[in-house]
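Residue strings, one per chain:
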Amino acid sequence: MYVLTELANSVPDEDELPDEAIVARIGSGEKALFTLLYNRYRARTFALAYGMTGQREQADDLAQEIFLRAYQQLSTFQGKSKFSTWFYRLALNHCLNYCRQERGRKRTLSSSTEAQQPMLIELRPAEEVHEALLRQEIQQQIRIALLSLKPQLRLLLLLKEIEGLSYEEIAERLECSPGTVASRLSRARKLLARKLESLKGKI
Amino acid sequence: MLAQTIAQLRCGMRMDRRLSAYLDHELSDADAAKVSQHLMGCSRCQKKLEQISILQRALGQFEIPVSRGQWTSVVAQPSRSLQFDSRLRRLCAQRISVPLPLAAGLVLVLCAGLVFSFAREERNRSAVTQLSPPQVETKIVEVPVERVVVRTVYRDPTDQKTERRSGKNVSPVGPRSNLAQKHRNSSEWSTRTMGTFRPASSANIRVVKEPEQ
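Note that the structure is a prediction, hence the values are computed from the model and not measured.

**So, the overall build of chain B**
Phase 1: When you go through chain B residue by residue, the secondary structure sums to seven helices and three strands.
Phase 2: Written out in order from the N terminus, the α and β elements of chain B read α-α-α-β-α-α-β-α-α-β.
Phase 3: The buried share of chain B, taken over its 213 residues, is 24%.
Phase 4: Look at the contacts in chain B between residues 6 or more apart in sequence, and 57% of them connect residues 24 or more apart.

**Observations concerning the pattern of salt bridges**
Residue and element names in this part refer to chain A.
Phase 1: With the rule as written, the count across this model stands at nine salt bridges over all chains.
Phase 2: Note that E30 is salt-bridged to R25, the shortest N-O span being 2.9 Å.
Phase 3: Classification of E30 as partly exposed rests on a relative accessible area of 35%.
Phase 4: Since its relative accessible area comes to 25%, R25 is described here as partly exposed.
Phase 5: The salt bridge partner of E175 is R89, with a shortest N-O separation of 3.3 Å.

**So, the confidence of the model for chain A**
Detailed reading of the predicted coordinates is not advisable wherever pLDDT falls low.
All names here are of chain A.
Phase 1: With 82% of its residues at a pLDDT of 70 or more, chain A has an overall mean of 80.
Phase 2: Confidence drops under pLDDT 50 across residues 1-9; counting only partners more than four residues distant or on other chains, this segment forms 25 contacts.
Phase 3: Confidence drops under pLDDT 50 across residues 108-113; counting only partners more than four residues distant or on other chains, this segment forms nine contacts.

**Observations concerning a nonpolar patch on the surface**
Phase 1: On the surface, V98, L102 and L106 of chain B cluster together into a nonpolar patch covering about 280 Å² of accessible area.
Phase 2: You can see L102 of chain B is positioned in helix 5 (residues 100-130).

**Considering the nonpolar core**
Phase 1: If you look at the biggest cluster of nonpolar residues, it comprises 60 residues, and the most contacted ones within it are F83, F87, I142 and L192 of chain A.
Phase 2: Counting nine residues, the second largest nonpolar core, distinct from the first, contains M15, L39, C42 and L49 of chain B.

**Re helix 3 (residues 43-60) of chain B**
Phase 1: Helix length check: helix 3 of chain B (18 residues) gives 25 Å between terminal C-alpha atoms against 26 Å at 1.5 Å per residue, within 8%.
Phase 2: Taken together, the buried positions of helix 3 of chain B are R44, C45, K48, L49, Q51, I52, S53, I54, L55, A58 and L59 of chain B.

**Remarks on unusual backbone geometry**
Phase 1: The phi torsion at E175 of chain A lies on the positive side, around 55°, for a residue other than glycine.
Phase 2: Inspection of the secondary structure assignment puts E175 of chain A in the loop between helix 7 (167-174) and helix 8 (178-195).

**Some points on the packing of aromatic side chains**
Residue and element names in this part refer to chain A.
Phase 1: Applying the stated criterion to the full structure yields 13 aromatic pairs over all chains.
Phase 2: Taking 5.1 Å as the distance between ring centres and 75° as the angle between the ring planes, the aromatic pair formed by F34 and Y71 counts as edge-to-face. Of this pair, F34 sits in helix 2 (residues 34-53) while Y71 sits in helix 3 (residues 56-72), and the two are 37 residues apart along the sequence. Each member of the pair, F34 as well as Y71, is classed as buried.
Phase 3: Between F77 and F83, the aromatic rings sit 5.6 Å apart at their centres with planes inclined by 90°, giving edge-to-face as the arrangement.
Phase 4: Using a relative accessible area of 11% as the deciding quantity, one classes F77 as buried.
Phase 5: By relative accessible area, which is 1% here, F83 ends up buried.
Phase 6: Through a chain of ring-to-ring contacts, the aromatic side chains of Y38, Y41, F67, F77, F83, W86, F87 and Y88 assemble into a single cluster.

**What to know about the packing of helix 8 of chain A against helix 3 of chain B**
Phase 1: Contact pair helix 8 of chain A / helix 3 of chain B: the axes reach a minimum separation of 9 Å and the direction vectors enclose 85°. With respect to helix 3 of chain B, the element helix 8 of chain A is oriented roughly perpendicular. Where helix 8 of chain A approaches helix 3 of chain B, its residues R189, K190, L192 and A193 of chain A are matched on the opposing element by K48, Q51, I52, L55, Q56 and L59 of chain B.
Phase 2: Of the residues in the contact of helix 8 of chain A with helix 3 of chain B, the class split is five nonpolar, two polar and three charged.

**Points about a negative patch on the surface**
Phase 1: A surface patch of negative charge is lined by E168, E169 and E172 of chain A together with E26 of chain B.
Phase 2: By relative accessible area, E168 of chain A is classed as exposed at 57%.

The rules we used
Residues numbered from 1 in each chain as written. Chains lettered and ligands numbered in written order. Predicted model: local features only at pLDDT ≥ 70, side-chain atom pairs only at ≥ 80, totals over all residues. Heavy atoms only, no water. Helix = DSSP H or I, 4+ residues; strand = E, 2+ residues; numbered from the N terminus. Buried < 20%, exposed > 50% of the residue type's maximum accessible area, 1.4 Å probe, protein only. Contact = heavy atoms within 4.5 Å. Salt bridge = Lys/Arg side-chain N within 4 Å of Asp/Glu carboxyl O. pLDDT = per-residue confidence, 0-100. Patch = residues over 30% accessible without salt bridge, like charges linked within 9 Å, V, L, I, M, F, W, Y side chains within 5 Å. Areas by Shrake-Rupley, 256 points an atom, 1.4 Å probe, with all protein chains shown as cover. Core = buried A, V, L, I, M, F, W, Y, C linked by side-chain atoms within 4.5 Å. Expected span 1.5 Å × (residues − 1). Phe/Tyr/Trp six-rings, centres within 6.5 Å; stacked < 30°, edge-to-face > 60°. Axes fitted to C-alpha atoms, helices over the stretch in contact; angles between N-to-C directions. Parallel < 35°, antiparallel > 145°, perpendicular 65-115°, else oblique. Nonpolar A, V, L, I, M, F, W, Y, C, P; charged D, E, K, R; others polar. Lys, Arg positive; Asp, Glu negative; His and termini not counted. Charge placed at Lys NZ, Arg CZ, Asp CG, Glu CD.

Structural data, given as structure tokens:
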């Protein structure tokens, strides 16, 4: 669908540049600099996408779509806020839209290839195998519990627990008040805590 | 007991949001101190706090796999047709979800329609089989002296018209029938009928005296 090329050699060594300056230079024609922004936001965007989808392939696709959209709409960034705020707002909206589109599909995690990672059981000691299985089970349980939440609540929880943002920062990105963030976060935790109560003693 | 339950409910409504913010260090110092003091004497809130901290620990252990995304940059925009193609593909890949009550309703309507149509067909079939054969009204009148010939005459409306038009006293048997013409002209009357089958409504009986020989 998209024509993509390796640009690793053409990336200038300008890591110190602030995001806004990079955006300005991209606007003036240095389009290759977008790779710098990609590099800076890639891990967090993927983490967010993974938290929202629960599957690596879908998370990769979603993260790629977010960057493509950001690239296409870069001209709409006017510098009124930080670039990171603008970018995350775009990413969050895209994640929510994606979840809305995917709502019709019934994706089961049991059919996911993510859950069944191959393990060389024979080559490992029994204790290690047991530990690995337990860890896998816990991860599976967390993912299922996360995906059972509504997309908005899930997103909020991810921003708090995975991204480690404050209420103020979450409110800024989701364009709501910190009070709303507090009450929604409390609701999300209440719902999720019941489902993860069985993990008591395992973690 | 009841008072304790009510107190716990009140406590739950008031404290749930605060506990969440307390763990996130989002409360002011004064509020955090109040929550700490409350926690000392409330077992329900202690349990809640433990649940939330388990959740936090679990999410803290949530493993994010390594992205397989490439170090890439866009050098060409997708064309319109490609965009349409991908949307179409995505649309085809989507499953149409129908709510269960609606699906059940549709199935019921379909079943009812099938049953109704079968019943209707069956009724039509039985109506055809029960249809009585055309009945010809036949009367035999006995006259003591004369020989009586009973003749069943079938009238054809079209033949009657012809008869009226011509003004002649023509036998009601169709003129096109050669057999009928033969019998009309002959001196002996047959006891059998002539012509083709006519509906029962157009049939009647005529008693004819046989001419004396």
